[in-house]
Amino acid sequence: MNMILRAFAKKLFGVKYEKLIQAIIVNLILYGGLHSSGFRVEIAPVIFYLMISSLTAGVMWQALSSQDNAVYMQNLFMLPFENHEFVYSYVFVLGIYTFVTKTGTLLAVLLAVSAQKPGAITTGIVCAVNAILLTGAVCSLKKYWYAGILWLTSLAAAILFLGNRPWFLVFLLVNGIFSALILQSADGYSFYLQEKESHCTVTGRYRDSVCVYLMRYLNCHKNYIINTAVMWCAACVLPLFFIQTRTGILFAAPVGFAILSLNTPICILLSCDPALEQAVRFLPGQKKKFCIPYCLFIFFSNMIADTIFLCSIQIQNGGVTAWMIAAAGFFSMQSAVCSILLEWFYPIRGWKIESDLWHHPRKYIVPVVMLLLAGAVGALPAVLPVLMLLLGIEVALLLVGCFWY
């Protein structure tokens, strides 16, 4: 067990566990900086528990679904091992990775800006541990996925309705023990994700196509499609939030466009595939042949979300104008261009699993830039025609690039 544990730990945290130490130091600095700022918000314990459980379970599921881990596990499966030792080692290391690098960051932020009692903090940590064990148990029950979904839903409902009860901690402990018992009898091979090649290949083509590659990649990574669908659902709900806060529609629309540009998975395709990045950089003519279709792909993806957002505004409040539709095209194009520039000049390297890519701080650069532009449009509506001129120039350049492509 110690050998398997060390193998997984060194793979995720580095030979000398430097990534683990770095994450702890960053969390402490983050806590100190936010706490000294004096900014405070009131967070109910139930919301505190739900945020910790949701983030921990989501990141743990991404870690368990990592294709990079699947490749690494192939080598370990060649060695003799005991099922329970392998499962506990694998879940333990991924749990430590999830808790320190992701949940720890959330805890640092929440504890710095809100006053939580020691009992609530203890319960929150138990929620994180319970989410790690529960996600591992659900992942091992792939044949009974419907039971896993029901189990996760029941836990979320229990947190919402029972989080303030004094015996909620006992409920978490019982649920965690039950999850550990399921892991005790789990098969180590149930955590291995074998990619189905038959679903990811396209036959009968005699010419390379970036669009076909992108479609094939999304077909092989269903979680990217799910994330995009979640953004579309958020586009339906965002107008309701702006109406409740009495935000002007002229200012709300650009802010909504900026928020909807936070679709991380489709903006990191070069970073998550080092072999593709190497081919694009070193083969002749690949910069133009790949980057222009990729930019258009991100643009159309963003435009779909922005169109849903505008339709939702029109249904709930009305008042959508031609300038707002043009602004949607501008923000969609700008976020696509900025994402491509970041991927080309500043790709993410040195990551261990895909979760590092999804939660990398670089993901916030484009939305922040879009929010600054949204603020400029909201404060100075006369800036909008200038932005439309910039959009026309960019579209013209892309058309020229497509003509030569």
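Preceding block: the structure.
Here the residue index of a chain counts from 1 through its sequence in written order. Where totals are concerned, whole chains, interfaces and linings use all residues; where local detail is concerned, this predicted model gives features only for residues with pLDDT of at least 70, and gives and counts side-chain atom pairs only at 80 or more. Calculation of side-chain values draws on the structure's entire complement of heavy atoms; hydrogens and water are dropped beforehand.

Asks: Just give me the short version of the packing of helix H12 (residues 274–282) against helix H13 (residues 286–316), but keep the residues and values in it.
Replies: Where H12 meets H13, the axes come as close as 7 Å, and the angle between the chain directions of the two elements is 125°. Looking at the two axes, H12 sits oblique to H13. Along the contact surface, H12 presents Leu-276, Ala-279 and Val-280, while H13 presents Gln-286, Lys-287 and Phe-290. Gly is placed with the polar residues, together with every amino acid not listed as nonpolar (Ala, Val, Leu, Ile, Met, Phe, Trp, Tyr, Cys and Pro) or charged (Asp, Glu, Lys and Arg). For the contact of H12 with H13, a count of residues per class yields four nonpolar, one polar and one charged. Axes here refer to lines fitted to C-alpha atoms; in helices the fit is confined to the stretch in contact. Angles between the N-to-C directions go from 0 to 180 degrees. Helix numbers and strand numbers start at the N terminus; a helix is a DSSP run of H or I with at least 4 residues, a strand a run of E with at least 2. Just so you know how the angles are binned, under 35 degrees is roughly parallel, over 145 roughly antiparallel, 65 to 115 roughly perpendicular, and the rest oblique. The contact criterion used throughout is that any non-hydrogen atoms of two residues lie within 4.5 Å.

Asks: For a nonpolar patch on the surface, give the residues involved together with the corresponding values.
Replies: The patches reported here contain residues having more than 30% relative accessible area and no salt bridge. Joining distances are 9 Å for like charges and 5 Å for nonpolar side chains (Val, Leu, Ile, Met, Phe, Trp, Tyr). Per-residue accessibility takes into account occlusion by the displayed protein chains alone, with areas from the Shrake-Rupley method and a 1.4 Å probe. Salt bridges are defined by distance alone: a side-chain nitrogen of Lys or Arg within 4 Å of a carboxyl oxygen of Asp or Glu. Taken together, the side chains of Ile-21, Ile-25 and Ile-29 define a hydrophobic patch exposed on the protein surface, amounting to about 300 Å² of accessible area. Within the secondary structure, Ile-29 is located in helix H2 (residues 18–37).

Asks: How would you summarise the pattern of salt bridges if you had to cite specific residues and measurements?
Replies: Under the defined criterion, the tally for this structure stands at one salt bridge. For Arg-281, the salt bridge goes to Glu-277, with nearest N and O atoms at 2.9 Å. One end of the pair is Arg-281 and the other is Glu-277, both in helix H12 and four residues apart, which spans about a single turn. Each residue is placed in one exposure class: buried if its accessible area under a 1.4 Å probe, protein chains only, is under 20% of its type's maximum, exposed if it is over 50%, and partly exposed if it falls in between. Residue classification places Arg-281 among the partly exposed residues on the basis of a relative accessible area of 30%.

Asks: Kindly report on the packing of aromatic side chains, identifying the contributing residues and their values.
Replies: Put simply, two rings from Phe, Tyr or Trp (the six-membered ring, in Trp's case) pair if the centres are within 6.5 Å, and we call them stacked under 30 degrees between planes, edge-to-face over 60, tilted for the rest. Counted under the stated rule, the structure contains nine aromatic pairs. Between the aromatic rings of Tyr-49 and Phe-168, the centroid separation amounts to 5.8 Å while the plane-to-plane angle is 20°, which identifies the pairing as stacked. Remark: Phe-168 occurs in helix H8 (residues 168–184) and Tyr-49 occurs in helix H3 (residues 45–64); sequence separation between them is 119 residues. Considered together, Tyr-49 and Phe-168 belong to a single accessibility category, that of buried residues. Geometrically, the ring pair formed by Phe-290 and Tyr-294 is tilted, given 5.3 Å between the ring centres and 45° between the ring planes.

Asks: I'd like a rundown of H3, residues and numbers included.
Replies: Owing to its 3.6 residues per turn, the α-helix aligns residues three or four sequence positions apart on the same side. In this scheme, a helix's expected span is set at 1.5 Å multiplied by one less than its residue total. With 20 residues, H3 extends 28 Å from end C-alpha to end C-alpha; this agrees with the ideal 28 Å at 1.5 Å per step. Taken together, the buried positions of H3 are Val-46, Phe-48, Tyr-49, Ile-52, Ser-53, Thr-56, Ala-57, Val-59, Met-60, Ala-63 and Leu-64.

Asks: Just give me the short version of the state of the cysteines, but keep the residues and values in it.
Replies: Disulfides are defined as cysteine sulfur pairs within 2.5 Å. Using the criterion set out here, one finds zero disulfides in the structure. Not engaged in a disulfide, the cysteine Cys-311 finds its nearest cysteine sulfur in Cys-236; these two sulfurs lie 9.0 Å apart.

Asks: Report on the environment of Ile-315, specifying residues and quantitative values.
Replies: Its place among the elements puts Ile-315 in helix H13. On the basis of relative accessibility, which here comes to 72%, the residue Ile-315 falls in the exposed class. Separated by 76 residues in the primary sequence, Ile-315 and Pro-239 have C-alpha atoms spaced 9.6 Å apart.

Asks: Before we move on, could you go through empty space enclosed by the protein and cite the residues and values that matter?
Replies: Buriedness for pockets is judged along seven lines, at least five of which must meet protein on both sides within 12 Å for an open set on the 1 Å grid over protein atoms alone, while cavities are sets there where a 1.4 Å probe fits but cannot get out, and lining residues have an atom within 4 Å of a point. Grid points are joined across faces, edges and corners, and a volume is the space filled by probe spheres set on the points. A complete count under the given rule lists three cavities of 30 Å³ or more for this structure. Approximately 140 Å³ is the volume found for the largest cavity. Around the largest cavity sit 14 residues that line it, and Cys-267, Ser-339, Arg-362, Lys-363 and Val-366 are the ones nearest its centre. Those elements that place two or more of their residues in the lining of the largest cavity are helix H14 (322–345) and helix H16 (365–379). Each residue belonging to the lining of the largest cavity can be placed in one class, and the counts come to eight nonpolar, four polar and two charged.

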